[in-house]
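Letter by letter, the chains look like this.
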Amino acid sequence: MFFFDQVVRVRAGTRTDRGGNTVADWSPGAVSRLHVARLNIQPTSQDELSEAARNAVKTGWRVQSEEGTRPDITAVDRIEWRGLMYEVDGEVAEWPDPLTGVVHHIEFTMVRATG
């Protein structure tokens, strides 16, 4: 595999809502951004939903980090790639090295819905 792709991991900050609860804050000044390189990104799925009120398309991409890397990406992060924003879909899987047990690489799916 080739690991030439790169993304920006976008992580929400936090704020307190009117009820005193700590909630995610996705405003531009609150988020943290981290450049992540050495990834392989491949298409996985595309679904189209046609309803009377709208047509929606959901596209998924499989992301794998290079051997020996464990980028700081979690299920609640967003991913900016090629000028578009994606959501991490599900948990980030850590694949162990079969000989040492340490993390060999990570894999996750990111999705974008339009419409």
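A. Examining the sheet that holds strand β6 (residues 78-81) more closely. Taken in spatial order, the 6 strands of this closed barrel run β1-β4-β5-β8-β7-β6, and their pairing is antiparallel. Ignoring strand direction, the axes of neighbouring strands in this sheet form an average angle of 45 degrees. Sheet topology note: the strand β5 (residues 55-65)/strand β8 (residues 103-114) ladder contains 8 bridges and is antiparallel. Note that in β8 the partner of Thr59 across the bridge is Arg112.

B. Focus on the packing of aromatic side chains. What the rule picks out here adds up to 2 aromatic pairs. With centroids separated by 4.8 Å and ring planes inclined at 75 degrees, the aromatic side chains of Trp61 and Trp81 adopt a geometry described as edge-to-face. With Trp61 in strand β5 and Trp81 in strand β6, this residue pair connects regions lying 20 residues apart in the sequence. Taking relative accessible area as the criterion, Trp61 reaches 18% and is therefore assigned buried. Aromatic pair Trp81 and Tyr86: ring centres 6.0 Å apart, planes at 55 degrees, arrangement tilted. Like Tyr86, Trp81 is buried. Through successive ring pairs, a cluster of aromatic residues spans Trp61, Trp81 and Tyr86. The aromatic ring of Trp26 is capped on one face by Arg78, whose charged end is 3.8 Å from the ring centroid.

C. Structural detail: the pairing of strand β3 (residues 22-25). Note that strand β2 (residues 13-16) and β3 share 4 bridges and pair antiparallel. Residue pairing in the sheet places Gly13 in a bridge with Asp25 of β3. The turn joining β2 and β3, which pair antiparallel and follow one another in sequence, is formed by 5 residues; a positive phi near 85 degrees is taken by Gly20.

Calculation criteria
Residues numbered from 1 in each chain as written. Predicted model: local features only at pLDDT ≥ 70, side-chain atom pairs only at ≥ 80, totals over all residues. Heavy atoms only, no water. Pairing = 2+ DSSP bridges. Helix = DSSP H or I, 4+ residues; strand = E, 2+ residues; numbered from the N terminus. Axes fitted to C-alpha atoms, helices over the stretch in contact; angles between N-to-C directions. Phe/Tyr/Trp six-rings, centres within 6.5 Å; stacked < 30°, edge-to-face > 60°. Buried < 20%, exposed > 50% of the residue type's maximum accessible area, 1.4 Å probe, protein only. Lys NZ or Arg CZ within 6 Å of the ring centre and 35° of its normal.

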